[in-house]
Each structure stands twice: as C-alpha cells, then as structure tokens.
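Summary of the model geometry
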Number of protein chains: 2
Amino acid sequence: MVSSIENISKNITDIYKEEHKESYAAWLQYKNIENNELANEYKQWCSSLNVLGNSLVIESAKKELSLGISSMLGIQPELNSEPKQSGLVLAAGNSIDNLVDADFGQLNEDGYIIKTVTTDESNRIFLVGKTESGVLYAAFHLLRLLQEGKNLQKLDIVENPKNQLRMLNQWDNMDGGIERGYAGNSIFYKDNQFSDELNRIEDYARLLSSVGINGISINNVNVHQVETNLITSDLLPKVAEVAGIFRAYGITTFLSVNYASTIQIGNLSTADPLDPEVKQWWKDKAEEIYSYIPDFGGFLVKADSEHRPGPFTYGRNHAEGANMLAEALQPFNGIVLWRCFVYNCLQDWRDRSTDRARAAYDHFKPLDGQFHSNVILQIKNGPMDFQVREGVSPLFGAMENTNQMLEFQVTQEYTGQQRHLCYLVPQWKEILDFDTYAKGKGSEVKKVVDGSLFQYKYSGITAVSNIGNDYNWTGHTLAQANLYGFGRLTWNPDLSAETITDEWIAQTFGQDELINELVSKMLLESWSIYEKYTSPLGVGWMVNPHHHYGPNVDGYEYDVWGTYHFADWKGIGVDRTVKTGTGYSSQYFKENADMYENLETCPDELLLFFHHVPYTHTLKSGVTVIQHIYNTHFEGVEEAQGLIEAWSQLKDKIDSERYEDVLARLQEQANHSMKWRDIINTYFNRKSGIKDEQNRKIY
Amino acid sequence: MVSSIENISKNITDIYKEEHKESYAAWLQYKNIENNELANEYKQWCSSLNVLGNSLVIESAKKELSLGISSMLGIQPELNSEPKQSGLVLAAGNSIDNLVDADFGQLNEDGYIIKTVTTDESNRIFLVGKTESGVLYAAFHLLRLLQEGKNLQKLDIVENPKNQLRMLNQWDNMDGGIERGYAGNSIFYKDNQFSDELNRIEDYARLLSSVGINGISINNVNVHQVETNLITSDLLPKVAEVAGIFRAYGITTFLSVNYASTIQIGNLSTADPLDPEVKQWWKDKAEEIYSYIPDFGGFLVKADSEHRPGPFTYGRNHAEGANMLAEALQPFNGIVLWRCFVYNCLQDWRDRSTDRARAAYDHFKPLDGQFHSNVILQIKNGPMDFQVREGVSPLFGAMENTNQMLEFQVTQEYTGQQRHLCYLVPQWKEILDFDTYAKGKGSEVKKVVDGSLFQYKYSGITAVSNIGNDYNWTGHTLAQANLYGFGRLTWNPDLSAETITDEWIAQTFGQDELINELVSKMLLESWSIYEKYTSPLGVGWMVNPHHHYGPNVDGYEYDVWGTYHFADWKGIGVDRTVKTGTGYSSQYFKENADMYENLETCPDELLLFFHHVPYTHTLKSGVTVIQHIYNTHFEGVEEAQGLIEAWSQLKDKIDSERYEDVLARLQEQANHSMKWRDIINTYFNRKSGIKDEQNRKIY
C-alpha cells in the first residue's frame, strides 16, 4: 500500500497499476520469465531493437516492446535506428530484407510479417508491416509469443486481418455513467467533462491494439443533451486529444451523433435530411470536425430507434437519412455507421401479427443499393437484441449492394452482466460460421461482413465494449476474456474458440497446465451453463424489465417492447413460421427458411424462437419441452456450482486478488442461478401443472 | 390571463388563484349567491360580525367569514368586538347567552355550537366553541351552510369531533418530490429548502381546517439525509414559521424523525434507546424543538420498516424504542406516533409460511401495555398496504392498553394514482364500521380509534395526504373529494358517504340537481368500478413493481415483498387459514376469525385474501372464480366508459377548466382500464385454459 501522501500527485489509474497490478494488466501481464533457458534465448533476440523510420504508431510499438522486454526479461533493449545484424527489426513498408520482401505482396492494409532470418552474419527477427499499424500489431504478436513461451527460432508468420473495420462502441455518457455498463463508470468522462486520466485511456488503447482493434466510437449511441455537443468547438479539442491517444495505437476515433443536432445545436428548425440547410450544416460540421481531427473516422448513428430522432420524422427513409451524413463526410473519407436496430418499441402485446424480429429486415432490405458507398449498415447479431440465444439476423447476406457490419455485445447485458461467467466467443463463433446461403453454400456471416462475399467497400465487425473504470476493467476478471476474444475474432474469425482461450489464459495467468485446463473448461462451458438456467430453447426475454438482470418470466410479456413468449397452460413459444405465424422464417434464404419453418428440422435450441409448441412436445433430444426446462435448470445450477469447485483448485496458482474476485463472482452466480432455477421451474410448473419426472424440488 | 410583467411580483400560487380560480379553490369556492331572496336573507345575518375576544385562531375565523361573506354576498360585514343585537356572534368559552350556554356542557375540546337566537330585540347566530378552534370550525360550518343554500333561521347545532387526533401525513421530501405523490411537487419544499410560497401553505391550512383536521406531519415518514436536519437549528426556524401558519388554523405541527438521528446528526455512535446518551440527546433535542415551537405536536416514526433504522438494531423492542422518544417529549406534552408497518421486506417467495399480513399483529400485540401513555400506535387500515381491497387490520381492538390510531391513504397509490377516479369514502366507511368484536358485538374500528372502546388517552385517525402543487391540489379534480371526505369522516365517522358526497359537490360545483345526481353516482360507484377491472376478490398486488401503476399479475410474485397470489393452472389465492394456511385468520376475534376461516362464510370480496381456491370454485354470487374475473373485468371497463358519458352531460354546467381536466382523466382511465382488463383476463385465460362463458374477446 502506498501512503496517502504519496498518492496526492497520482491519479487513480496510477494507484490501480501499483495496487491492482495483475487485475489491471489484463492480458498484458509481461510477467518475469522464470525459465532461465527460455529467458536467455529470448534475451538474444530482444537485446537490440532496431527501428527503421519513425512515426507515432511505430513509437508505440517500440515503447510496448521495451516495456514487455524489460518486464519479462529484465533487460533494456538497445535502441537503434538502422537494421543491425542481430535483434528485432521493425519496419513499415518493404525493402528490408529479400526474404521478408518476398512475403510482402501478401499483406493487406493492416497485415504484417514476423520472420526469423538467420544467416552467417545475422540473427534477426523482422517485424514488418504494410503500414505502421502492421508493425504495432506485429510487436504485440511477438510479445504474445513471449508470454506464451513460444520458440522464436523459425518464425515465419504472415498475418492479415480478415476484417477491415474492427471496432468497439463505448456506450459511455458524459455524466460518467455507462449504458449497460457493469464495470464501474466511464474511463472517458466524469461529471459531464472529459476525464483527466488520459493514462487510463492510453492503457485501454494498448489493450485494444494488442488484439487488433482499429476503430472506436467513444460515446453512447443514445446521444443525450450534453453529448450532442461533442461535435462543437466546446468539446472537439478534447475529442481530438482522446483521438490522439488512440491514433498512436492505430485506432481511429468515431463519434455517435444526435440525428437532430441541427435542431438541438444548429439553430435550425428541422433535421430533414433533404433540407438544403440541414445538408449544409452537416457539411460545415464535418469540415469543422476534421479541422480538429484530420483522420476522424465518422459517425455512428442510432436513428428512429427507441425514441431517438431520425429521418422518419420527415417522411424520409433511412437511405436518405444516412446518405445526407455520408455526403458531408465523403470529402474527408469519413464513413457513416448506420444502425439497423429499428423497430416499433411501442407495440401492443395484443397484436400478434407484428414481430419485432422482422423489423430490421423489413426496414432495410427494400433499400438495398440506395445507400452511398461510405455508409455501412451496422446490424446486431440477432434480430431481437443480444439474447443468450436467438436466430442470426436474416439481414446478413440479404443486401448485396449495401455495406454491412456485424454488431456484437461484449458487455453482458443479457448474459449475466459480468456477475455471471459467460464467455461469448463460442456464441460469436456460431454466428460468424452461420451459413446464410446468400450465394449458395459457404456464404457464412463472416464472409458477408469481411466484405468478401459481395465485395463491400467497407465492412467489418463491431461490438459494445464491456469495460469501465473498475480496477480490472471488466468487473468480472474473467470477462476480460470476452474483450480479448472479440478482438482476436474480428482479426480472424477462423481462429478456434480453444485457440483464443488458450492464448488468453497463458497471457493472463501464465503458462500452467492446470490453470489452462480448468479455466479453459470453465470459459468454454460457461455460455451453455448460463443458457441452461436462464431462458429455455431460444425463447429469450425472461428477465426483469429495464435493467435486464435476474429472472422475470412475464416481465416483458404484456409490455410494449415486442418481446413475448406467449406461454399458456398448454404450451409456449413464438410462432414465426410462414404457415401459421409471423412469417419471419421466410426472411432467411431458402435452406435456412425451410430448416426453421419445419418443426422437424428446427434445431432444439431455437425451437421456441420459431415455434409455439405444447409443453409435451418431444425434442430431438428425446425429452419433452417441460422436462427439458426442468432438467436444464437443475443442471445449470449444478454446473454453476461446479465452476466454483474448478476455480477453487487454483487458489495457490493465482494471485489472491484475482482469485478472490473471481471466486466471489462465481459464488454470487451460483446463488443467483438458484433464483433463476426456482423462478423458472415454478413458473412453468404452476402454469403447466406437469410434474418433474425426477420429482426434484419445485416450489 | 395576466401579462407577464404583472406576474413578476407574484408567486405561482397567486397566479393559480387568478387563472385557475375554481380548480384552486376546491370546496371553498364561495361563489356569488345568485338567488336574490336567499342572498338577502343571508345578508341580514351576515352584515355584522361580532367577535368576542381575540386570538390567532379566532382571527382566522373572522378572516374566513369576511372572505366568504364578501365573496358570496357582495357585502363587507361590519366588525364589532362586542355582541351586537344582530348578526353573527363568535366566541370561545361560555357566558355568551343563556340559550347557548345551556348546550355548552355538551362540548368536547374542539366542539362548537351554532345556534340561531331570535328574540324581540335581537336576531343573532351564535358561533361558540369550547376553544378558539371550535369557533373556527363553527365558522367553516356556517360557510358550508351558506354554500349549500341552507336555511339559517333555526340553527341549533352542537358538533363535537368524534376523534381527538385528526391528522394528515405529508410524504413530502425536501428535494420537492413527494413519495407516492400524484399531484405535482411539494408545496412545502423545493430544492432542499422550504418553499417561499407561504400563501399556498396557508390555503392548504384553510382547506384542512374547514374539514376539521387538527394535526399535520410535514415531512415523509422515510426521513432521508436532508430531512433528518429538520430538527436542527438550521431548519427549526423554518419549521416554526410553517407551524405558525398551521397554528392559526388550529392545526398542530408534527415532524417525522429519523430513528438514527443520534448517529446521523448527534455525533453519537449508537441509536440504542436504552443508551443514556441517546436518551439525553433526545431530551435535549425535544427541549430545543419546543423552544422554537411551544405547541409542537411530536414525532411520527417509521422504524425498522423497509430498511429504516430502528430499535431492532440494538436488540430492543418497539416499546423500548418508542418510549425513549416519548419520555423526551413528555415534559412538553408531545406525543409519539409510532407506525406499525413493520414486516420482513426481504422475504423469500419460496417460503410459504411467512405471511406479511401477520406482521403488525405479531410484532405489536405482545407489547400491549408496555407503551408510555404518550405513544400512539399508528396502524394502516389493512394488514398489507392500502390495497384496493384487503382485510381490516386485526390489530385494531387487539391492544386494550395501548393507544391506537388508524392510518388511511388519501393519496391513491394503489387506487389509480389520481389518474383513475376512485372515491375512497365508501372504503373508509366499511373499515370504520368493521366490527372487531374486541368487546363483543358493537366494537367497531371507529370506536377503537375514537378512544371510546378502551378509553385511550390519545387516539384518532390519520392519513397520507393526496395533495401537491398542481393548480387543483390533487391532480384529478374529483380527487379533492377524497381529501374532503377524509376530513369529514375523521370528524364524524357516522356521517354517511352520501351526506359527505352531497356536501362536497354542492360546495365544489354549486347546487344543481343534475350535477349532484351524476357526480354523486360517479363518486360512489368509482371504488367498485376500479376494483372490478383491477385485482379480483381481494387478492391484491397485481401491479407493476415500485411505482405501482398499471397491471402486472406476476409483478410481485417472485419478489421479496411478501405479496403473492400463488396463481397456478388450477387456482389462486393466499391460504391464510389456521387449518391449512398461515394462520392469519386467527388474529381476529372469534366471530371474524370463524367467518374468514371458513370458505362458506368468507365474503366473496375477500375470498382470495383468505383462501386458495380452484378457478372453478363457485362464489356466493353463483359464478365461478374464473368467470367472476372475466365478468368483472369486462364490466369494469364498461362502467369506466360510463363515467365519461355521465360527466359529459355536465359540459355546460361546470367551468371549462375543471370539466376538461376531469374529462381527460376519465378518458385516460377508460383507456387504461382496457389495458387492465386485457392483461388480467389474458393472464388467467392462459393460465387456466378456461374459456369465457360469453365468449368475449380475450387475447
């Protein structure tokens, strides 16, 4: 503990770095390598750091390598600005070494080469990027290899990110709160001002860059009064300062904007996208923004969604709405990220024909081809809203002529709010690997959003961040793995969940067989465990309204949000078939439409998302729906308790802070899982009158 | 409309008085009497105002009479300080006139005589009180007679309030908000300070005094941080100023206090009622308070209830807790109003043996006789919490040796929040007339709380107020009738609902047969209408959590508040019988215990409060429970629509502001009643699978 006198000149971030070292460092632990043999070998490669050229981003690479090397190996590398015959050689652009140059042609914009070249005269590892960002990514890659204890003798790596845009969305408000934030308050804002703790933002940039993130939107998509002013001269200098921090890590800054800015801060009486004054205002505004931030990314827009303003007010469609902003940004190469989360949020539950799941497709599909080339539609992974399980949005692949981007939610709004362990990489993998059949077999979502299927000009993957100013960033220490995994998957959706998990564990907790075995199992099973004791069979939404934490089967059943399960004494589920339901299933391409339409082929885990069935309906698994509900809820609790047992075996292997923090959350989860189990089981037992075959305790 | 320049020096209250004259005046309209004959007759009596003696309260009587007479009759009465031979004669104490003196012995503390005495030489109406308060009450009574157009020739009235304490509790917070307030913000506080608009408080005092209220607690029973300081020298001068306003209208001021004040503002480390320092602190505090307010009423205390501090923390019981405060107040004749709303608010829904309805009785009954004589237990009318229908609290009559007071809720928390019309006088009448059998037949609740059954030293009726700073005081204009009716009933619980209603209508809207007929019907049927489309058969609680507005059948079903209905596919209700349930029914005296215990004798309207029965159970009314649910919900909506039809007939008879305000609320009510109907019917239809016999639309 440092004394309070010493603390006076330190900000909280500094204190966290000292007093919560491991929690704060996340996967950039850079622990001293205790294996002498390995350390000595690494020292040979790392004692000299030869950096060709200089730039802000390469400077970051140098800084990070110096930090990592000194921390892991206890040496300060010698710094040179020319390619010495031994050590690490960093360079952006080609013409470094013939052997390396040979691979250079394979690189895309952010790609890099890591290559060990040993000759009689030289022993070097080249870290070469097509651009300076590639160099930084290569540096983080090398540091990862060191943390994983990998052999460096024969490195021959060519890495290219599969996705062009690899983004995060902060849902931070300037009052310091974070919408759907479960890890403290904002690291960006406090009391309606920007935070002074820029070192915290820089550390966030390091974490993001280390997993390949290259874009960030720094304010909530729900742009309130104060945040509307982020694009004014009052706040742009501060935005520019933050953008400067991210820039050094190859990350482009975006802002969420209020579609009614022209009214709210522009002294106009309209926000009609076809109004010449509105157009001009945004053009001038774009020019102003770029005068502060020359490489500003563009605007993220939530329009006509959940009471936010938008083009509908003026009888304009969303292409007209987005294009107006796109024209303003075009001269500066800025882009518009236009969210597709548009639905009727004042639905009448009595109206069973309206189906929120249809909304994004119904709104946007007809507009295919009408959007400017610098607009990207940002589509949530599912058609409802980040449930623990739902169908994949049928909009993916449905718009050949419109840039598309996938939006995940790293923050665990519906998946345990970082009080429960729920590792989402397996879920994201399923979604990315989902075959849309847009151009026949092999048209997976990942190929839509990496732009390859339809040759999109812009595309990629984005997500709502899960970090806050808690000392461990994510509330639940193990939720750091979600941020890590998201970054790695956006870089390369073909990485297996196991690979990503192993990487993360080694960097976060060190190389230890038992840690790897147990934590990997815990993480990889956690989504399934969470799903078991919460909403069954893809029906979703059985949560407390508003905050979305904890069970409430009827919480949304008679509300306006279009989120129903229609459970009665006989059965449950939403009929989204063409034959008898809302017709949502037809929004998929034929192969999927047929699969979901038919009870026989619809997968169990999405059964209630597509069909209303009796409780006595027998699943493919062989049990009835009601018995499945009971079984999974009892199992889920047991498995949640199992997480505690697994983690407890690691008591002596993990620093006490992280050990205790995780243990406390796992205990809370196990307790809360019982609440889930009992409420869900009791609800359905009371409703169906059907007993548990195994006669377990249902209240 | 007054211009904005004129408004500068006026406060909002002044503006309301001008621009919302009728809405603001409530039942003190004092409309010009257009019947010339009547006006001339009244002028004879009212042209001279002879006031014997002077005091603050008699001054108020004089002021009110002058205002009323000038407003209704267009004359300024001549003021004399001796009993002239004609006109009104006001006096406190006897020896005014032999004829009047003869009745004087019948008066209790706040009682009064109104007597017309005509001889050859004189024509006088005497308004004589035992105390100055009585004079004021007599003045308001006379003004009521004028507003009702009554003949004054042979008045011979002796009025005594049945209840000694006739109080209101404001649940106002100093930030200006009102807990469970549905008529704007506080008239007492704003921005954590006292309001400047003392004239608004005075007008409130006039309204209260006009119906006989003689005590008021001016801050929320949940005493938060800022309000804890109301008993400090920082705020006591302001409290004293407000107390001065009420004093002039015969109303004593009380404060709600924080039981942990010794810790929060007293620099002590405990609030243990047996700790000598704690005792001394409160004694000193009482002395300090009385130095500012010599006639301060005392403390209202919510202790150990819903997370408020209390004696339980220190292992002390509530008698010990209350007595400590009572000792501090004793030297100054102050009293402690100790609330009995004490229950486990962190209950586990899985625990079916704990019954919130039992809590007050279980906590307090064993303490009978242990409370000091200046403590009064303040008991909510029902054992749960102000539901639209519940049993009467069995604590009434159960404590022979402990002062008891009844607490009603004028603010419509669970009865439509002043958006729905729900006139509560009929409900209160039922409760007051409920026979406890405490001392055999004829032991009605009203006789318990008027002190006559057990000769309590202190007793009475209190209620949570329904007013705020809306221009019509109560949000819903017709909700003014609840405040009026509450006051009148506390004065005399034997008044019929019809009488009170007629009085209120005549004073509020004038004497008109159609108005009287329709508004009376609307008011008197409104509780029944509201009950029909909300929770059936006394089960209660089917409301949205926290704010308690609108239907949500399972809203509290799996929560911690002890408020469940246990509906399953087969039946519904809370088994509170001794035989198979929680045993709550045994808390009543035998006659009632037997009645409620047995399904055959338990009244329909409380069936589900006492029994869990199948949906197919046949009620005394001849229909099944499920069919009753359907029938009443369809009927309730029709009747709510009927309210609009009735009111619409009065379009030309009522000023447009009040007409339109009420109409808008009735329309909102009718719409919202459909929401209630459909959610409740659908819920039970889905759960039971039983069809409506009449095949009406259930979603």
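1. Quick look at the packing of helix H19 (residues 513-533) of chain A against helix H23 (residues 656-688) of chain A
Residue and element names in this part refer to chain A. For the pair H19 and H23, interaxial distance at closest approach is 9 Å and the crossing angle is 30°. Taken together, the axes of H19 and H23 are roughly parallel relative to one another. Every residue of H23 that contacts H19 at Met522, Tyr530 and Tyr533 is listed here: Leu666, Gln669, Ser673, Trp676, Arg677 and Ile680.

2. Quick look at empty space enclosed by the protein
Here the largest cavity defines a volume of roughly 110 Å³. Lining the largest cavity are 13 residues, with Cys340, Phe341, Ala360, Gly382 and Pro383 of chain B positioned closest to its centre. Every element with two or more residues in the lining of the largest cavity is listed here: helix H14 (359-364) and strand S14 (375-380) of chain B. For the lining of the largest cavity, the per-class residue count stands at 9 nonpolar, 2 polar and 2 charged. Within this model, the second largest cavity holds a volume of roughly 90 Å³. Looking at the second largest cavity, it is lined by 13 residues, and the ones nearest its centre are Cys340, Phe341, Ala360, Gly382 and Pro383 of chain A. Counting only elements with at least two residues in the lining of the second largest cavity, the list comes to helix H14 (359-364) and strand S14 (375-380) of chain A. Residues of the lining of the second largest cavity, tallied by class, amount to 9 nonpolar, 2 polar and 2 charged.

3. Overview of the sheet that holds strand S4 (residues 112-118) of chain A
Each strand in a sheet pairs with its neighbour through backbone hydrogen bonds, running either in the same direction (parallel) or in the opposite one (antiparallel). Residues and elements named next belong to chain A. The sheet built from 6 strands is open, its strands ordered S2-S1-S3-S5-S4-S6 with mixed pairing. Edge positions in the open sheet fall to strand S2 (78-80) and strand S6 (156-159), since each of these has one partner strand only. With direction set aside, neighbouring strand axes in the sheet form an average angle of 15°. Pairing analysis gives 3 bridges linking strand S1 (residues 48-51) to strand S3 (residues 86-92), with the strands arranged parallel. Bridge pairing in S3 links Val51 to Leu90. Packing of helix H5 (residues 56-73) onto the sheet brings it into contact with S1, S2, S3 and strand S5 (123-129), and relative to S3 it is tilted by some 155°. Those strands touched by helix H7 (residues 132-148) are S3, S4, S5 and S6, and its axis lies near 60° from that of S4.

4. What about the side chain of Asn214 of chain B?
Residues and elements named next belong to chain B. Structurally, Asn214 can be placed in the loop between helix H8 (198-210) and strand S10 (215-217). Given the relative accessible area of 11%, Asn214 is considered buried. One polar contact links the side chain of Asn214 to the main-chain carbonyl oxygen of Gln164, over a distance of 2.9 Å. Not counting residues up to four positions away in its chain, the partners in contact with Asn214 are Asp110, Tyr137, Gln164, Leu165, Arg166, Gly250, Ile251 and Thr252.

5. Some words on the interface of chain A and chain B
Listed as interface residues are 22 residues of chain A and, on the opposing side, 22 residues of chain B. Buried surface at the junction of chain A and chain B, both sides included, amounts to about 2,100 Å², of which 58% is carbon and sulfur. For chain A, the biggest contributors to the area lost against chain B are Arg350, Tyr558 and Arg686 of chain A; these three give 37% of the whole. At the surface where chain A touches chain B, the tally comes to 4 salt bridges. On inspection of chain A and its partner chain B, the count reaches 6 residue pairs in polar contact (both at pLDDT 80 or more). When its residues are assigned to classes, the side of chain A that touches chain B shows 9 nonpolar, 4 polar and 9 charged.

6. As for the packing of aromatic side chains
Within the structure shown, the criterion is met by 82 aromatic pairs over all chains. Taking 6.0 Å as the distance between ring centres and 75° as the angle between the ring planes, the aromatic pair formed by Tyr699 of chain A and Trp349 of chain B counts as edge-to-face. With Tyr699 of chain A in the segment after H23 and Trp349 of chain B in the loop between strand S13 (335-339) and H14, the pair connects residues from two separate chains. Relative to Phe684 of chain B, the ring of Tyr615 of chain B has its centre 6.0 Å away and its plane inclined at 70°; by these criteria the two rings are edge-to-face. Of this pair, Tyr615 of chain B sits in the loop between strand S18 (613-614) and helix H22 (625-648) while Phe684 of chain B sits in helix H23 (residues 656-688); the two residues are 69 residues apart in sequence, bridging distant segments of the chain. Classification of Tyr615 of chain B by relative accessible area gives buried; the value is 1%. Here the basic side chain of Arg350 of chain B rests over the ring of Tyr699 of chain A, its NZ or CZ set 5.7 Å away from the ring centre. Lying over the aromatic face of Tyr343 of chain B, Arg356 of chain B brings its terminal NZ or CZ to 3.9 Å of the ring centre.

7. Some thoughts on the pattern of salt bridges
All names here are of chain A. Tallying each qualifying case throughout the model produces 84 salt bridges over all chains. Residue Arg339 is joined to Glu407 by a salt bridge in which the shortest nitrogen-to-oxygen separation is 2.8 Å. Of this pair, Arg339 sits in strand S13 (residues 335-339) while Glu407 sits in strand S15 (residues 404-409); the two residues are 68 residues apart in sequence, bridging distant segments of the chain. For Arg339, a relative accessible area of 3% translates into the label buried. On the basis of relative accessible area, Glu407 is assigned to the buried category, the value being 0%. Sharing partners across several salt bridges, the network here consists of Lys17, Glu64, Asp203 and Arg206.

8. Here's the deal with the pairing of strand S7 (residues 165-169) of chain A
All names here are of chain A. Of all 5 residues that make up S7, 5 are buried, and the element is covered over most of its length. Every second residue of S7 is oriented toward a common face, with Leu165, Met167 and Asn169 on one face and Arg166 and Leu168 on the other, all of them buried. Strand direction decides the pairing type here: S7 and strand S16 (residues 460-464), joined by 3 bridges, are parallel. What sits directly across from Leu165, in S16, is Gly460.

9. What about the side chain of Arg686 of chain A?
With respect to the helices and strands, the residue Arg686 of chain A is situated in helix H23. For Arg686 of chain A, the residues in contact, after removing those within four places along its chain, are Arg352, Glu557, Tyr558, Phe566, Ala567, Asp568 and Trp569 of chain B.

10. Considering the relation of the copies chain A and chain B
Note on the copies: chain A fits chain B at an RMSD of 0.0 Å, the axial shift is 0.0 Å, and the rotation between them is 180°. What we have between these two chains is a two-fold relation. Counting the interface residues of chain A, we find that 100% of their copies in chain B are interface residues as well, pointing to one common contact surface.

11. Some words on the pairing of strand S12 (residues 298-301) of chain B
Residues and elements named next belong to chain B. Where strand S11 (residues 252-256) meets S12, 3 bridges bridge the pair, whose relative direction is parallel. Bridge pairing in S12 links Phe254 to Gly298. In this sheet, S13 lies alongside S12 in parallel orientation, the contact comprising 4 bridges. Looking across to S13, one finds that Gly298 is bridged to Ile335. With helix H13 (residues 318-329) bridging S12 and its parallel neighbour S13, the resulting β-α-β unit is right-handed.

12. Thoughts on the confidence of the model for chain A
Per-residue confidence for chain A averages 96 on the pLDDT scale, and 99% of its residues sit at or above 70. Both confidence scores are given for the complex: pTM 0.92, ipTM 0.88.

13. A word on unusual backbone geometry
Keep in mind that most residues, glycine aside, have a negative phi and that most peptide bonds are trans. Backbone geometry at His546 of chain A places phi at a positive 70°, although glycine is not the residue there. Along the chain, His546 of chain A falls in the loop between H19 and strand S17 (571-572). When its relative accessible area of 57% is taken as the criterion, His546 of chain A is described as exposed. Even without being glycine, Gln417 of chain B reaches a positive phi, approximately 50°. Assignment of secondary structure puts Gln417 of chain B in the loop between strand S15 (404-409) and helix H15 (425-432).

14. Examining helix H13 (residues 318-329) of chain A
Residue and element names in this part refer to chain A. Taking 1.5 Å as the rise per residue, H13 with 12 residues should run 16 Å; its terminal C-alpha atoms sit 17 Å apart, in good agreement. Of all the 12 residues making up H13, 10 are buried; the element is thus mostly covered by neighbouring parts of the structure. Looking at the buried residues of H13, the elements they touch are helix H12 (276-292), strand S12 (298-301), S13, H14 and S14. Where H13 begins, the side chain of Asn317 points an oxygen toward the backbone nitrogen of Ala319, at a separation of 2.9 Å.

15. Thoughts on the nonpolar core
Grouped together as the largest cluster of nonpolar side chains are 220 residues, with contacts concentrated most on Tyr204, Phe246, Trp338, Trp647 and Phe684 of chain A. If you look at the next biggest cluster of nonpolar residues, it comprises 219 residues, including Val257, Ile289, Leu489 and Leu495 of chain B.

16. Focus: helix H10 (residues 236-247) of chain B
Residues and elements named next belong to chain B. Given a rise of 1.5 Å per residue, 12 residues ought to cover 16 Å, and the 15 Å separating the end C-alpha atoms of H10 matches this to within 8%. Among the residues making up H10, those that are buried are Leu236, Val239, Ala240, Val242, Ala243, Ile245 and Phe246. Lining the buried residues of H10 we find strand S9 (193-194), H8, S10, S11 and helix H12 (276-292).

Thresholds, definitions, all that
Residues numbered from 1 in each chain as written. Chains lettered and ligands numbered in written order. Predicted model: local features only at pLDDT ≥ 70, side-chain atom pairs only at ≥ 80, totals over all residues. Heavy atoms only, no water. Axes fitted to C-alpha atoms, helices over the stretch in contact; angles between N-to-C directions. Helix = DSSP H or I, 4+ residues; strand = E, 2+ residues; numbered from the N terminus. Parallel < 35°, antiparallel > 145°, perpendicular 65-115°, else oblique. Contact = heavy atoms within 4.5 Å. 1 Å grid on protein atoms, 1.4 Å probe; cavity = no way out; pocket = protein on both sides within 12 Å on 5 of 7 lines; lining within 4 Å. Points joined across faces, edges and corners; volume = space filled by probe spheres on them. Nonpolar A, V, L, I, M, F, W, Y, C, P; charged D, E, K, R; others polar. Pairing = 2+ DSSP bridges. Buried < 20%, exposed > 50% of the residue type's maximum accessible area, 1.4 Å probe, protein only. Polar contact = N/O pair within 3.5 Å; in protein donor to acceptor, adjacent residues only side chain to side chain. Buried area = accessible area lost by both parts, 1.4 Å probe. Salt bridge = Lys/Arg side-chain N within 4 Å of Asp/Glu carboxyl O. Phe/Tyr/Trp six-rings, centres within 6.5 Å; stacked < 30°, edge-to-face > 60°. Lys NZ or Arg CZ within 6 Å of the ring centre and 35° of its normal. Least-squares fit on C-alpha atoms with pLDDT ≥ 70 in both. Right-handed = clockwise from strand over helix to strand, strands pointing away. pLDDT = per-residue confidence, 0-100. Expected span 1.5 Å × (residues − 1). Core = buried A, V, L, I, M, F, W, Y, C linked by side-chain atoms within 4.5 Å.

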